[in-house]
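Working through the structure, step by step
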Amino acid sequence: MIFFLNSCFFVSLFVSLHKNMSEPLAERLRPKTLDDYIGQEHLVGEGAVLRKMIDAGRITSFILWGPPGVGKTTLAQIIAHRLETPFYTLSAVTSGVKDVRDVIEKAQKGRFFNEASPILFIDEIHRFSKSQQDSLLGAVEKGIVTLIGATTENPSFEVIRPLLSRCQLYVLKSLEKADLMKLLNRAVTEDVFLKEREIELKETGALLRYSGGDARKLLNILELVVESANPNETIVITDQLVAERLQQNPLAYDKDGEMHYDIISAFIKSIRGSDPDAALYWLARMIEGGEAPEFIARRLIISAAEDIGLANPNALLLANAAFDAVMKIGWPEGRIPLAEATVYLATSPKSNSAYLGIDAALELVRRTGNQPVPLPIRNAPTQLMKELGYHDGYLYPHDYPGHFTPQQYLPDALTQERLWHGQHSPSEQKLYERMVNYWGERYEDKK
């Protein structure tokens, strides 16, 4: 009997060790509690909004938006464990409407009276179709499940408005240097396997640089460097060693986001820098890597508005047309309108005057608060408003030569503010000269 029990113990121990050895380092170090969770202090630090809800034992449905490897899935698992509530998970890549309904039915049948709603965690919720998202609405609204969604994409583009309105949105940030260093030190001192090795973190610059604020990527690189070393030797981690190991094991473009942000950054900067060859190269890297075509098309629209702007207003029209074309025809033909828009934007004259103008206006609003609208340009739908002087004295521009007459449109306290500054590209020069002709010195840029 004793021999049988000992045999069971050793079998169980062997299975446990084998499981740990097969798990990647990032999985072995996944935090189990908020005290072990690294980063996102603005959400889960002492007194932060999400921490307060968790400590109170009740959470509402929410969506976590942030880059890969910053702890979205981990945070959802910690919350479920802390609240001691059933935890269901679905991947938007592999699950359909039927899977969603099955989980909702299980949650409804398994819930006890007055018990907290089960948590339904949906990874990559931006990949859910409209019908899949629609199937969640009733359960979320009635509290049958508490939804936690995770996405690397802007939810305002990818999540349907009715579902978004039922969820709070929390933005997760890339991990800071201090967070990544804390994670590195934890890995070499606490991991069940790494702590048995002699590891010296002599230089960490390359580790931090290549990780790009992604905890999972950082641990994957560390694991790669350790596993490629002689098991019996001390591992002295230097920038040169990390670079050599990564060159031997190149990190190709990852559909799930490993180099997602680096490549799109290079693409946009090449367009902004008027280099069509480089822009086409980075476009090809994204296409070959399996990037979603609508993601590329949206970035072209943003680039057309931000970087080309009023220097060539047709750029925005062409970028928007490329987006529509790609959504209609898909791959592989979609590469052609994307390439057309890419070359057109890269070779267009550049101006960011509208981009700078709206940022200046937002800063002014935040600094000066809610300034009153001048009475002449207020709406006056009622007799009382007319008696109070609303709309009184308004000059209708179409009644004047050139469809213009000077009058005050800014609040009284802000009449001397300048927000838009023409940048004198060939197209924008005409707009600038028209403003100087209308407003005189107000729009003349001082040298």
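Structure's up top.
Summary of the structure given here. (Residues numbered from 1 in each chain as written. Predicted model: local features only at pLDDT ≥ 70, side-chain atom pairs only at ≥ 80, totals over all residues. Heavy atoms only, no water.)

**Side note on the overall build of the protein chain**
- A tally of regular secondary structure across the protein chain gives 21 helices and seven strands.
- For the protein chain, the residues scored as buried account for 41% of the 447 residues in total. (Helix = DSSP H or I, 4+ residues; strand = E, 2+ residues; numbered from the N terminus. Buried < 20%, exposed > 50% of the residue type's maximum accessible area, 1.4 Å probe, protein only.)

**A look at the sheet that holds strand S1 (residues 62-65)**
- Sheet architecture is open: five strands sit in the order S2-S3-S4-S1-S5, paired in parallel fashion. Looking at strand neighbours, the two that pair on one side only are strand S2 (87-91) and strand S5 (168-171), the edges of this open sheet. Along the sheet, successive strands turn relative to each other by an average axial angle of 20 degrees, direction set aside.
- Where S1 lies against S5, four bridges are found, and the strand directions are parallel. Residue pairing across strands places Ile 63 opposite Leu 169, the latter belonging to S5.
- Across the sheet, helix H5 (residues 72-83) is in contact with S1, S2, strand S3 (119-123) and strand S4 (146-151); its angle to S3 comes to roughly 170 degrees. (Pairing = 2+ DSSP bridges. Axes fitted to C-alpha atoms, helices over the stretch in contact; angles between N-to-C directions. Contact = heavy atoms within 4.5 Å.)

**Things to note about unusual backbone geometry**
- In the Ramachandran plot, Glu 84 falls in the positive-phi region, its phi being about 55 degrees despite a non-glycine side chain.
- Mapped onto the elements of the fold, Glu 84 is located in the loop between H5 and S2.
- Even without being a glycine, Glu 124 presents a positive backbone phi close to 55 degrees.
- Relative to the helices and strands, Glu 124 is located in the loop between S3 and helix H7 (130-142).
- Glu 124 gets classed as buried once you look at its relative accessible area, which sits at 17%.

**Focus on the environment of Gly 213**
- Looking at where Gly 213 falls in the secondary structure, it is placed in the loop between helix H11 (205-211) and helix H12 (215-227).
- Sequence separation between Gly 213 and Lys 177 is 36 residues; the distance between their C-alpha atoms is 7.7 Å.
- Each residue touching Gly 213, except ones within four places of it in the same chain, is listed here: Gly 69, Val 70, Ser 174, Leu 175 and Leu 180.

**What about the packing of helix H10 (residues 177-190) against H12?**
- Running from N to C, H10 and H12 cross one another at 40 degrees; their axes reach a closest spacing of 11 Å. Judged on the interaxial angle alone, H12 and H10 are oblique. Between H10 and H12 the crossing geometry is right-handed. Side by side, H10 and H12 meet where Leu 180, Leu 183, Leu 184, Ala 187 and Val 188 of the first sit next to Ala 215, Leu 218, Leu 219 and Leu 222 of the second.
- Its residues placed into classes, the contact of H10 with H12 shows nine nonpolar, no polar and no charged. (Parallel < 35°, antiparallel > 145°, perpendicular 65-115°, else oblique. Left-handed = near helix turned anticlockwise from the far one by under 90°. Nonpolar A, V, L, I, M, F, W, Y, C, P; charged D, E, K, R; others polar.)

**Re the packing of aromatic side chains**
- Scanning all chains against the criterion turns up four aromatic pairs.
- Measuring from ring centre to ring centre gives 6.2 Å for Phe 87 and Phe 121, while their planes differ by 20 degrees; the resulting arrangement is stacked. Within this pair, whereas Phe 87 is found in strand S2, its partner Phe 121 is found in strand S3, the two being separated by 34 residues in sequence.
- Classification of Phe 87 as partly exposed rests on a relative accessible area of 28%.
- On the numbers, 5.1 Å between centres and 80 degrees between planes, the contact of Phe 404 with Trp 439 is edge-to-face. Of the two residues, Phe 404 sits in the loop between helix H20 (383-387) and helix H21 (426-439) while Trp 439 sits in helix H21, which places them 35 residues apart along the sequence.
- Using a relative accessible area of 18% as the deciding quantity, one classes Phe 404 as buried. (Phe/Tyr/Trp six-rings, centres within 6.5 Å; stacked < 30°, edge-to-face > 60°.)

**Digging into H7**
- At Leu 136, H7 shows its largest kink, close to 30 degrees.
- For H7, the set of buried residues is Gln 132, Gln 133, Ser 135, Leu 136, Leu 137, Ala 139 and Val 140.
- Just beyond H7, the residue with positive phi is Gly 143, at close to 80 degrees. (Bend = angle between axes of the 7 residues up to and from the residue.)

**Remarks on the environment of Asn 352**
- If you trace the backbone, Asn 352 turns up in the loop between helix H18 (335-347) and helix H19 (353-368).
- Asn 352 sits in the partly exposed class, given a relative accessible area of 26%.
- For the pair formed by Asn 352 and Gln 423, sequence separation is 71 residues and the distance between their alpha carbons is 8.1 Å.
- Those residues within four positions of Asn 352 in sequence are excluded, and the remaining contacts are Glu 306, Asp 307 and Gln 423.

**Here's the deal with the nonpolar core**
- Among the nonpolar cores identified, the biggest contains 28 residues, and Leu 222, Ile 237 and Val 242 are the most heavily contacted of them.
- When residues of this core are traced back to their parent elements, those giving at least two are helix H2 (25-28), H10, H11, H12, strand S7 (235-237) and helix H13 (239-248).
- With residues near it in sequence (within four places) discarded, Ile 237 still touches Ile 199, Glu 200, Leu 201, Lys 202, Glu 203, Leu 207, Leu 222, Val 225 and Val 242. (Core = buried A, V, L, I, M, F, W, Y, C linked by side-chain atoms within 4.5 Å.)

**Points about the pattern of salt bridges**
- For the coordinates displayed, the defined rule picks out 15 salt bridges.
- The partner of Arg 30 in a salt bridge is Glu 27, and the shortest N-O contact between them spans 3.0 Å.
- Given the relative accessible area of 21%, Arg 30 is considered partly exposed.
- Taking the relative accessible area as the measure of exposure, Glu 27 reaches 33% and is therefore partly exposed.
- In this structure, the salt-bridge partner of Arg 298 is Glu 153, at a minimum N-O distance of 3.6 Å. With Arg 298 in helix H16 (residues 293-308) and Glu 153 in the loop between S4 and helix H8 (155-158), this residue pair connects regions lying 145 residues apart in the sequence.
- Each of the salt bridges in this network shares a partner with another, and the network as a whole consists of Asp 35, Glu 46, Arg 51, Asp 55 and Arg 82. (Salt bridge = Lys/Arg side-chain N within 4 Å of Asp/Glu carboxyl O.)

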